[in-house]
Amino acid sequence: MLAHAMSPNVKARSALAAASLLLAAPALAQAPQAGTDTAQPEAAAPAQAQPTITKPPELVQQVEAQYPPDALAQGLTASVRLIITIAEDGTVSDVQPTEPVGNGFDEAAIAAVRQFRFSPAEVDGVPAPVQVEYVYHFTLNAPPPAEGAEVEEPEAPKATLTGQLISRGSRSRVAGATVRCGDDPEAPEAVSDAEGRFTLQVPPGECAVRVVASGYQLYQTKEQLKPNETTEVNFYLAPSGGALETVVRSERPKKEVVRRTITRQEAQKTPGTFGDPIRVIQALPGVARAPFTSGELLVRGSNPGQTATMMDGVRIPILFHLLGGPSVVNAEFIDQLDFYPGGYGSQYGRAVGGIVEVGTRKGAADTLHGSVKVDVMDAGFFLESPITDGISVAAAARRSYIDTLLPAFLPKDEGSTLSIVPRYWDYQLRVDFGAKRGASSEEEAQAQAGGARSSGYVMAFGSDDQLRVVSSGPKTERDIDLNTHTNFHRLKGDWTYRKGALTSVFTPYVGLDNSSFEFGTARQDGRQYSVGAREVLGMELSSMLSLRTGLDLVYEYESYDVEFPAPEDFEYVSFPGAESVGEMVKERISLDSFDGALFLEADVKVGKFTFTPGVRGNLHLVGDTQNVALDPRLWVRYAATARTSLKGSLGLYSQAPETFRYVIAPYGTPDLVYQRAFQSSLGVEHRFTDVLDVDVTGFFNRRFKNVVEPGQIVQRESGGFYQERYSNDGIGRAYGIELMVKKNRASAQDKWSGWLSYTLSRALDGRAGPRPERNGGFGGGFSDEDAPTYGLSIWDQTHILTLVGSYVLGNGWELGGRFRYTTGRPTTPLNHTYDLYESDRNGYRPTYGSLYSSRTDGFHQLDVRVDKSWQFQSWTLTAYLDVQNLYNASNAEFVFNDYRYRTEYEIPGIPLLPVVGVKGSF
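Residues numbered from 1 in each chain as written. Predicted model: local features only at pLDDT ≥ 70, side-chain atom pairs only at ≥ 80, totals over all residues. Heavy atoms only, no water.

Undergrad: Account for the overall build of the protein chain, naming residues and giving values.
TA: The secondary structure content of the protein chain amounts to five helices and 54 strands. Here the protein chain, with 922 residues, has 51% of them falling under the buried criterion. Long-range pairs, those at least 24 residues apart, make up 68% of the contacts in the protein chain between residues at least 6 apart in sequence. Carbon and sulfur atoms make up 56% of the accessible area of the protein chain, which totals about 40,700 Å². (Helix = DSSP H or I, 4+ residues; strand = E, 2+ residues; numbered from the N terminus. Buried < 20%, exposed > 50% of the residue type's maximum accessible area, 1.4 Å probe, protein only. Contact = heavy atoms within 4.5 Å. Areas by Shrake-Rupley, 256 points an atom, 1.4 Å probe, with all protein chains shown as cover.)

Undergrad: So what about the pattern of salt bridges? Which residues, and what values?
TA: For the coordinates displayed, the defined rule picks out 29 salt bridges. Of the charged contacts, one joins aspartate 595 and arginine 350 as a salt bridge, the two residues approaching to 3.3 Å between their closest N and O atoms. Linking aspartate 595 in strand S33 (residues 584-606) with arginine 350 in the loop between strand S22 (334-340) and strand S23 (355-360), this pair joins segments that are 245 residues apart in sequence. By relative accessible area, aspartate 595 is classed as buried at 10%. Notably, a salt bridge pairs arginine 548 with aspartate 603, separated by 2.7 Å at the nearest N-O pair. (Salt bridge = Lys/Arg side-chain N within 4 Å of Asp/Glu carboxyl O.)

Undergrad: Explain the sheet that holds strand S15 (residues 219-225) residue by residue, including any values.
TA: Working definition: the strands of a sheet are paired by backbone hydrogen bonds and lie parallel or antiparallel to each other. Across the sheet, four strands lie side by side as S12-S11-S14-S15; this open sheet has antiparallel pairing. The sheet is open, and its two borders are formed by strand S12 (189-191) and S15, each paired with just one other strand. Pairs of neighbouring strands in the sheet enclose a mean axial angle of 25 degrees, with direction left out of account. Pairing of strand S14 (residues 205-212) with S15 involves seven bridges; the strand directions are antiparallel. Bridging from a neighbouring strand, valine 211 pairs with tyrosine 219 of S15. (Pairing = 2+ DSSP bridges. Axes fitted to C-alpha atoms, helices over the stretch in contact; angles between N-to-C directions.)

Undergrad: Account for the side chain of glutamine 528, with residues named and values stated.
TA: Along the chain, glutamine 528 falls in strand S31 (residues 522-542). Not counting the four nearest positions on each side in its chain, glutamine 528 is found in contact with Gly511, Leu512, Asp513, Glu556, Tyr557 and Glu558.

Undergrad: Explain the state of the cysteines residue by residue, including any values.
TA: In the structure shown here, the tally under the stated rule is one disulfide. Here cysteine 181 is linked by a disulfide to cysteine 207, with a sulfur-sulfur distance of 1.8 Å. Linking cysteine 181 and cysteine 207, the disulfide has an S-S dihedral of approximately -90 degrees and is accordingly described as left-handed. Taken together, the positions of cysteine 181 in strand S11 (residues 178-181) and cysteine 207 in strand S14 put the pair 26 residues apart, joining distant regions of the chain. (Disulfide = S-S within 2.5 Å.)

Undergrad: Before we move on, can you summarise the nonpolar core with the specific residues and values?
TA: In this structure, Ile278, Ile281, Leu297, Leu319 and Val329 are the most contacted members of the largest nonpolar core, which totals 30 residues. Of all the secondary structure elements, the ones that give two or more residues to this core are S22, S23, strand S26 (391-400) and strand S28 (453-472). Core analysis: the next-biggest nonpolar cluster, separate from the first, contains 27 residues, Ala78, Phe116, Phe118 and Phe138 among them. (Core = buried A, V, L, I, M, F, W, Y, C linked by side-chain atoms within 4.5 Å.)

Undergrad: Explain the confidence of the model for the protein chain residue by residue, including any values.
TA: Residue-level pLDDT values for the protein chain average 78, and 77% of them are 70 or greater. Looking at the elements of the protein chain, mean pLDDT is at its lowest for helix H1 (residues 2-5), recorded as 30, and at its highest for strand S34 (residues 609-622), recorded as 95. The model gives residues 470-479 a pLDDT under 50, and that stretch makes 22 contacts with residues more than four places away or in other chains. With pLDDT under 50 throughout, residues 568-573 is counted as low confidence; its partners more than four residues away or in other chains account for 14 contacts. (pLDDT = per-residue confidence, 0-100.)

Undergrad: If you had to explain the packing of aromatic side chains to someone new, which residues and values would you point to?
TA: If you walk through the whole model with that rule in mind, you get 21 aromatic pairs. Between tyrosine 344 and tyrosine 348 the ring centres are 6.4 Å apart and the planes differ by 85 degrees, which places this aromatic pair in the edge-to-face class. Given a relative accessible area of 8%, tyrosine 348 falls into the buried group. Ring centres of phenylalanine 609 and tyrosine 638 lie 4.6 Å apart, and the angle between their planes is 35 degrees; this geometry places the pair in the tilted category. Taken together, the positions of phenylalanine 609 in strand S34 and tyrosine 638 in strand S35 (residues 625-639) put the pair 29 residues apart, joining distant regions of the chain. A residue is classified by how much of its surface remains accessible, and phenylalanine 609, at 34% relative accessible area, is partly exposed. Note that arginine 430 overlies the ring of tyrosine 457, its terminal NZ or CZ placed 3.7 Å from the centroid. (Phe/Tyr/Trp six-rings, centres within 6.5 Å; stacked < 30°, edge-to-face > 60°. Lys NZ or Arg CZ within 6 Å of the ring centre and 35° of its normal.)

The following block contains the structure:
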């Protein structure tokens, strides 16, 4: 027997023990758990935050290790446990032993494994580097029996352990995990499938279960297995990472100079956002602070309405509910958020500012999940579930009741009381189809479908906002009565076809927008119908060249019912400051328009350079007006080192004026043209460490042919003169530097995360051509011919600083803070020394100083958030306190005057506002 055991016939076997993401801590470094009661993570991420290995690595090339001669002579065997780092291309980039065994086995195993090749692993469908625990066995085999000899091997009894791996606190299924009995090198093992199921056949008796899974704590327990019987179990694994330990779910490479992608888990705990990921945009570089009731995005010196907001590729009229409320999308529905402050590719258009695109996620494929959130502002729910194989559904809805609570926190000072009654609701419903659960990769899915496959979804979403603002007080000399009501609804489809290197995405949609506005005796009701479609066709011709082309079409029909007082010359007021009692003018106006675009762009890789040239052709038809614009663009990136990249862009951008501006005179100007902008930027990104990134970008933008009000004075064919309502005489410039320093969490043991955002900028507006007789709105009106061509934009903010930090206290507690400071907005000072009384109109006219020669006080505010989570076996409960304006800074948002323009009344923004809420998720 000894001679047989020392036979030189050597057989080396290996077993794949576990796979874990490089983003997570190594499985062997985790503290083992005693029994089935797993320890709670300090700040467990929601189940949706965990990345999923959709395609585990497979060994495709194995090299047999050289058996150490001394160990062979002594008849020694060994099992070498290794941590292997597999690169994105399947090569082995690093090998480290976990427990050296000596006798030359470690060196021999490492030398052999370094030559292994694997099929690339995929995380959420994207090739990604992974770490695996690998056991290389050195065994000595007995020589084969002599010819003719009978070998009887009694069949040993077997026991079967089968079950399902479930994420503790959310009931999500854990795929790609390794299940084995103990550390015996000879022990069999199994890998869980997409539904977390596994089956393991082992010798009967006690099984020391050991489960290793990416993003989860090491799970250990014991099971007594009987011969020839099947034991079925459910193991609940505890997540190991915190909320910031996430991946960006995007197959799209970075093709813009600045594209800041925010994940849902990172943003939900940002202080001052009330758990709303989209509101984090307001804390990013390049975004100026808008008045708190507007919900506008002011990006790189652009004016309101010049940044496009999109949801799943479809433009929506507003991104935030009024009064600085949450976004119009439930936080749990957001997959990711892409923010482009400028320099974006040719696929995007209809904006001369930035682009914000919100991407929603499909429903869960494993089981029913959901959440319910209730706080002092609103309440909402989210549900997701598979319907059948390849079909899933997700739904969310929310309703506010802040209108009954907010007045309790508003100041009651005499003459500055502001009564605000906001109310909002929103909904989202999405049904996905075509993605089979059995496929672990896109290639496998196409193979199952016969070489090509289709997938898609249908989604309906919308929101409704109503806001009433009344300024009043015991001795207030002017009351302001304002009532606005807006809502929108969208129904869109999405069909994606993939075959080899070809990808086609077709997105049709329809929409309905309603709006009403009342200010005193003036009223306007509007309705807009829209029908659109978008087709993007992509082809990867080689590793160095890929092309994208497509169409972007939209048709709109708008109608308005307006009612407003007759012009001043026909009004009569009984005494100074009284309401108008003149005749009311009523009109019904309607108009339709078409806006289409054809775009083409390419990615060309040459060495360390990546070039993305593109062009977008635009056509706009409205009434009898036809406008054409051509927008060439170029993006360049240079990977100087593995940690440093240089980037730059330049291009032209076009945006058609709103359709209602084209109505007949005197309500509109029918011959308006495209608003245009030239955007350029240059920047550098550097990764100092694996957790510390710095991004510095300088930009220069020039806007021209922007719409301003009033327009020019023109002569009629009959010889008379009149002033246009609008004109394309607006021009503008903006330049500045953006800085983003971000500290990520390196692991579950890293407690700190956060970022610093700073923008130094200057925004100028002006008018080309002759000055109008009276000042216009935003867009740069001037009062005399001697005024300079450019002046400060009313939206200019020189300094914009944001500091965000978060610290994991442990035991489910997390503390965060956000501080913001912005320079005050430019304002035209009121000359209080005198006013003008006009007897014909029986009213007073103010006198002002130089245009935008003064500024309001700077805005500053500190927000703090505290979270506490309790994780149960099948669900998680989170309670939070989110405090806005902790030290109750009095930041003036608006200014109103008395009827003689002698006294100004400042309307403050949100005061100290604590928001307490709870959220349960399963």
